[in-house]
Each structure stands twice: as C-alpha cells, then as structure tokens.
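Examination of the molecular architecture
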Amino acid sequence: MKAVIRQWVRGALAALASMAIYAIALGCYVALMLLVISMEEGGENLTTGTTGLTKAVVLLSEGSGFATDSVTLTITPLLLTVLLIWLIATLVARLKATGPHALVTGLLVWLALNEWFRQSVHLSLVDDQWITLLKAGTVFLLGFLCAAVPGSDKLKDLMVWIRKQSSAKVRHCLKTGVAVAAIILGLYLLIGLITVIVWTVRNHTAVVSVFEMSGMETGSRILTTLAMIIWLPNLMLWAVSWLFGSGFVIGDVASFTLWVGQSKDLPAVPAFGILPEAVSSELWRTIALNTPFAVATLVGLLALFLPAGFRYRPISVRSDSDRRAMVFDLAYPAGAFCLSAGLVSLGSTVLFALSNGSLGQHRLAHVGVSVMASTRAVGHPTALGLATAWLVALIGTALVFSVGWIAERLHPSRTSGAAPANGSAGDGDTAAKPGADGQRKRAKRDGAPRKPRQSVYVQSQPKPSKSQSTTKEEQDDKHEPADTSSTGFRLS
C-alpha cells in the first residue's frame, strides 16, 4: 500500500513540476519581450498581459489555438511541443514515477492544470473543452511513455516473447527497416533545416525592411526574432515540401513552389520576409526534385552492404541449397525496405499535418502544406530509391552468377578437379612421356641448364661368406658366368 501511495505522489509531483518549470520559463521570456517592446515603442505597459499570454502559449504548444480581434493563431509551435514532451519525460524518469498509478494521478493533475489555464485565459480559444483536454492529455502521455517504456518490465517480457516466436533474421529485418526509415526522415529534416538557413541568408534584407517599415527598435527585433524560432520545425517541414516539389501556401494570399514565389500581398510579419522566391535554374530544380530519390538510394545501399545492416555479398552459387539461401538473403532486405517506405510515408503524413494551422478566419485560414501532395512528393521517391538499391544488389548477383557460369563452360577442367578415374596406370605413364619429352626439349631450346639425371641405387645383399667366395672362384675357373643379380651396381 505504501508503494502505491508513493507512486500516486510521484505522479502528481511530476505533472506539477513539469508545468511549473515550463510555464515559469515561458512566462519570464514573454514578460521580458513585452517589457522591451513597451519601453522602445513608448506606448502603454504591455506587461500586464503577461499571465494571459503565457497561458495561451502553453495551450498553443499543446495544439489548442486562440483568437483575438485581428489574429487567429492555430499554428502549433512544434519546437515548444518537443521541449515540453522532453521535460515531462525527464522529470518522470528522475522521480521514478513510471508505474500505472503514477500515470493516473499525473494525468489527472495535468488535465486539471490545463483546465484552469483554459478558464482563466482572457483570449478566445478555438477548440472546445474536450478537444483542448484531449490534446493536453496526449502531450503528457507521450512524455510519460518516453520515460516509462524503455525500462519497463512489460517491454522486456514482450521482447522475450518476440524472440521465441520469430527468428533472428526476421527481428534483424524489422530493426533494420525501422532504422532505415528513421535515418531517412532525419536526413529529410536536416535538408529542410539547411534550406531554411539558405532562405534566411538570401532574404535577410527583406526581413530588415519589414522591421524598418514597422518601426521596431533593436531590442524588439532581437526578442521577436528569437520568439519566431519556436516555429522553426514547422518551417523545416514546409521547406522539405517546397524542395521536393509540392510547395506550401500562406492562405489564399501567397503560394510558394520551385516554379512560383508570390509574396506581394503577405501581412507585415518579419518572419514572412525569409520565404523563398522561385528557382530560375532548371539544373537546381532537377537536383532538388531528385534529392529524396538519391537519399533513399544511398541509405538503402548502405543498409544492404554494411556490416551493421544486411552485409549482403553477391556470390556465384552452384548448388540448389546455396541458391535458396541467396533468395532469402535478397528477400529480407526487400521486406525491410517495404517497411521503411511505409513508415516514411506515415511519419511524413503526421508531421505535415502537425505543421499546418491558420493565421485568420478568411484569407489566412489555411497556412502550410497540402498533406496528401507533400506526402506523395516524399513517399514516392523514397520507395523508388529503396527499390533501386535492392535492384542494384539483384543485378550485381546476376552478373556474378553469369560470370561464374561462363567461366565454368569455358574452362571445365579448372572446376572439374582431378583426371578421370577410369584410366589405367600404364596409359597414364604413356601419356605422361610426351609431355615430359616436350618439356625437356623446350628447356634445351630456351638455353636453360639441363636438370641432372637422378640415380637409382639397388640395395646390395650382405657380403658373401668364405665358402661362397670359393664357389665363385671355382666358377671363374670353369669360365662360367656368375649370377650378378644380387650384386650392387648403379643404373643410369
């Protein structure tokens, strides 16, 4: 009972501490930004709205937008969302509140805090109560699972059961498929980040012009620019869609693709100044459109041939069992790549949907990408690139097998082994003589030193006794030839 009560307390403390750290840090920055803007602009004191704006931003980071008289903001700042989930996971792991009882109490406390924020905020919220609480509970649940699942006993039991039910090759295939999908998505996001940096460097003068038009001073420019960074992941995803050919829109006001860059009717928001123009070079457009195909092909080849992946090696096989093993060696990468392509499409769909939102109710009602078109622009080249990597392995295997088959047909003696067993010993000696004579003739013709002839000694019998010597002398007197078969002599 004490352990259960301890888990209840730890779960509630994890939720309270997470919200306190997050809201206080966010509120301090909001207060500083409003104070600097008030001091530089010389208007009314804006710091009085710090509490309400902080609560609204907390709810916005969980996916619930708000509306004012002139602005409707529902674009979720994904950087704040990721930081909030990481904070919850860290505190849950630190307090060891990973049990189911801690989850229940922590979730209840988290929902109660969000309901208090929702009722006390002075801005008009876009979502209904149950939708707001559902989004808030989802954020807390994700953070809790990130801390509780990796060291869970249930997960260990599940992994043991999976090991018993599947082979090592199947598990390796699934792990490699998930790893390839994660690497490809990470590389796409990195490409999006590089694209946003290029936009910023090329169009920073437009941002400065918007600041000058609005009359903002240096401090206000710095703090508002830092505040815009919380939407950096959104811009990265829009950049991925733009680079791969789908593009994105700012409501009905502007559309941005590789072929079109319309930004004349945009509101005077400094962040809009970095949005790109159309790419005039056909070469750069071709490179941009083929980027996902190249990335997927490269990652697929590395997964096929590296030791950490499938370590595939095309070899020439002769037996039926080796051929069946080779077919399985190609089948496992094919299954892993199918899984990777599906996960990349699913992940990109979720990320593109989360990056969208609105800045108004009419002309700016939709800001972001077309989810289906962007997913298609990412998923199709990825699947084609992984299929190309697999086909490279298949073609390499076919070439190696063809070369080995041709070599067997052209030089059968090199692969057949020793001479036929039905030949007699006398035939072999007879057949070997012409070859030896020809070798000696070639050596003599080339001027090589002649190989010395080998001497064969026949073992002599023991020295004859005295009686035997007398008998031999008698034979010599009678002029009879002696038997020389037992004497020792050298044969040349």
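Residues numbered from 1 in each chain as written. Predicted model: local features only at pLDDT ≥ 70, side-chain atom pairs only at ≥ 80, totals over all residues. Heavy atoms only, no water.

Another aspect to go through is the state of the cysteines. Taken as a whole and judged by the stated rule, the model has zero disulfides. With no disulfide partner, Cys 173 has as its closest neighbouring cysteine sulfur the one in Cys 338, 9.2 Å distant. (Disulfide = S-S within 2.5 Å.)

With a phi close to 60°, Lys 96 is a non-glycine residue in the positive phi region. The topology assignment puts Lys 96 in the loop between helix H3 (78-95) and helix H4 (100-120). The phi torsion at Arg 311 lies on the positive side, around 50°, for a residue other than glycine. Along the polypeptide, Arg 311 turns up in the loop between helix H12 (291-305) and helix H13 (320-355). (Helix = DSSP H or I, 4+ residues; strand = E, 2+ residues; numbered from the N terminus.)

It is worth spelling out the sheet that holds strand E2 (residues 72-73) at this point. Ordered in space as E2-E1-E3, the three strands form an open sheet in which the pairing is antiparallel. The outermost strands of the open sheet, each flanked by one partner alone, are E2 and strand E3 (124-125). One ladder, built from two bridges, connects strand E1 (residues 66-67) with E3; its direction is antiparallel. Each bridged residue has a counterpart across the sheet, and for Ala 67 the counterpart in E3 is Ser 124. (Pairing = 2+ DSSP bridges.)

Let's shift gears to the confidence of the model for the protein. Overall, the predicted model of the protein reaches an average pLDDT of 81, with 78% of residues at or above 70. This model gives residues 415-436 a pLDDT under 50, and the stretch forms two contacts once residues within four places in sequence are excluded. Within the model, pLDDT remains below 50 along residues 441-449, and this stretch shows one contact once partners closer than five positions in the same chain are excluded. (pLDDT = per-residue confidence, 0-100. Contact = heavy atoms within 4.5 Å.)

On to the pattern of salt bridges. The full count for this structure, using the stated rule, is three salt bridges. Of the charged contacts in the structure, one is a salt bridge between Lys 135 and Asp 127, with a shortest N-O distance of 2.9 Å. Between Glu 282 and Arg 285 there is a salt bridge; the shortest N-O distance is 2.4 Å. Placement of both Glu 282 and Arg 285 in helix H11 (residues 282-289) is noted, with a separation of three residues, approximately one turn of the helix. (Salt bridge = Lys/Arg side-chain N within 4 Å of Asp/Glu carboxyl O.)

Let us now look at the nonpolar core. If you look at the biggest cluster of nonpolar residues, it comprises 87 residues, and the most contacted ones within it are Phe 248 and Ile 250. Of all the elements, H3 adds the most residues to this core, at nine residues. Each residue touching Phe 248, except ones within four places of it in the same chain, is listed here: Trp 199, Trp 238, Trp 242, Ser 255, Phe 256, Leu 275, Pro 276, Gly 368 and Val 369. Formed by five residues, the second largest nonpolar core is a distinct cluster that contains Met 33, Val 36, Ile 37 and Ala 227. (Core = buried A, V, L, I, M, F, W, Y, C linked by side-chain atoms within 4.5 Å. Buried < 20%, exposed > 50% of the residue type's maximum accessible area, 1.4 Å probe, protein only.)

Let us now look at the side chain of Thr 291. Along the chain, Thr 291 falls in helix H12. On the accessibility criterion, Thr 291 (18% relative accessible area) is buried. At 3.3 Å, the side chain of Thr 291 and the backbone oxygen of Ala 288 are in polar contact. Once residues within four sequence positions are removed from consideration, Thr 291 is found in contact with Ile 191 and Phe 244. (Polar contact = N/O pair within 3.5 Å; in protein donor to acceptor, adjacent residues only side chain to side chain.)

Residues lying three or four places apart along an α-helix face the same way, a consequence of the helix completing one turn every 3.6 residues. A rise of 1.5 Å per residue sets the reference length of H3, with its 18 residues, at 26 Å; its end C-alpha atoms lie 26 Å apart and thus fit the reference within 8%. Along H3, the positions that sit buried rather than exposed are Leu 78, Leu 80, Thr 81, Leu 84, Ile 85, Leu 87, Ile 88, Ala 89, Leu 91 and Val 92. Immediately downstream of H3, the backbone of Lys 96 shows phi near 60°, a positive value. (Expected span 1.5 Å × (residues − 1).)

This part takes up a nonpolar patch on the surface. Together, Met 1, Ile 5, Trp 8, Val 9, Leu 13, Leu 16 and Leu 95 give the surface a local cluster of nonpolar side chains, amounting to about 640 Å² of exposed area. Note on placement: Leu 16 falls in helix H1 (residues 2-41). (Patch = residues over 30% accessible without salt bridge, like charges linked within 9 Å, V, L, I, M, F, W, Y side chains within 5 Å. Areas by Shrake-Rupley, 256 points an atom, 1.4 Å probe, with all protein chains shown as cover.)

Moving on, we get to the packing of aromatic side chains. One pass over the full model with this rule turns up eight aromatic pairs. Residues Tyr 188 and Phe 244 carry aromatic rings whose centres are separated by 5.3 Å and whose planes lie at 75° to one another, so their mutual orientation is edge-to-face. With Tyr 188 in helix H7 (residues 168-202) and Phe 244 in the loop between helix H10 (232-243) and strand E4 (248-250), the pair connects residues that are 56 residues apart, well separated along the chain. When sorted by exposure, Tyr 188 lands in the same class as Phe 244, which is buried. By way of ring pairs, the aromatic residues Trp 199, Trp 238, Trp 242, Phe 248 and Phe 256 are connected into one cluster. Sitting over the face of the ring of Trp 116, Lys 55 holds its NZ or CZ atom 4.5 Å from the ring centroid. (Phe/Tyr/Trp six-rings, centres within 6.5 Å; stacked < 30°, edge-to-face > 60°. Lys NZ or Arg CZ within 6 Å of the ring centre and 35° of its normal.)

Tracing the sequence through the fold places Leu 232 in helix H10. Sequence separation between Leu 232 and Gly 192 is 40 residues, and the spatial gap between their C-alpha atoms is 10.0 Å. Residues in contact with Leu 232, not counting those within four places in the same chain, are Leu 193 and Val 196.

We now examine the sheet that holds E4. In spatial order, the strands read E5-E4-E6; together these three strands make up an open sheet with antiparallel pairing. The open sheet has two edge strands with one neighbour each: strand E5 (254-256) and strand E6 (367-368). Pairing analysis gives three bridges linking E4 to E5, with the strands arranged antiparallel. Within the sheet, the bridge partner assigned to Val 249 lies in E5 and is Ser 255.

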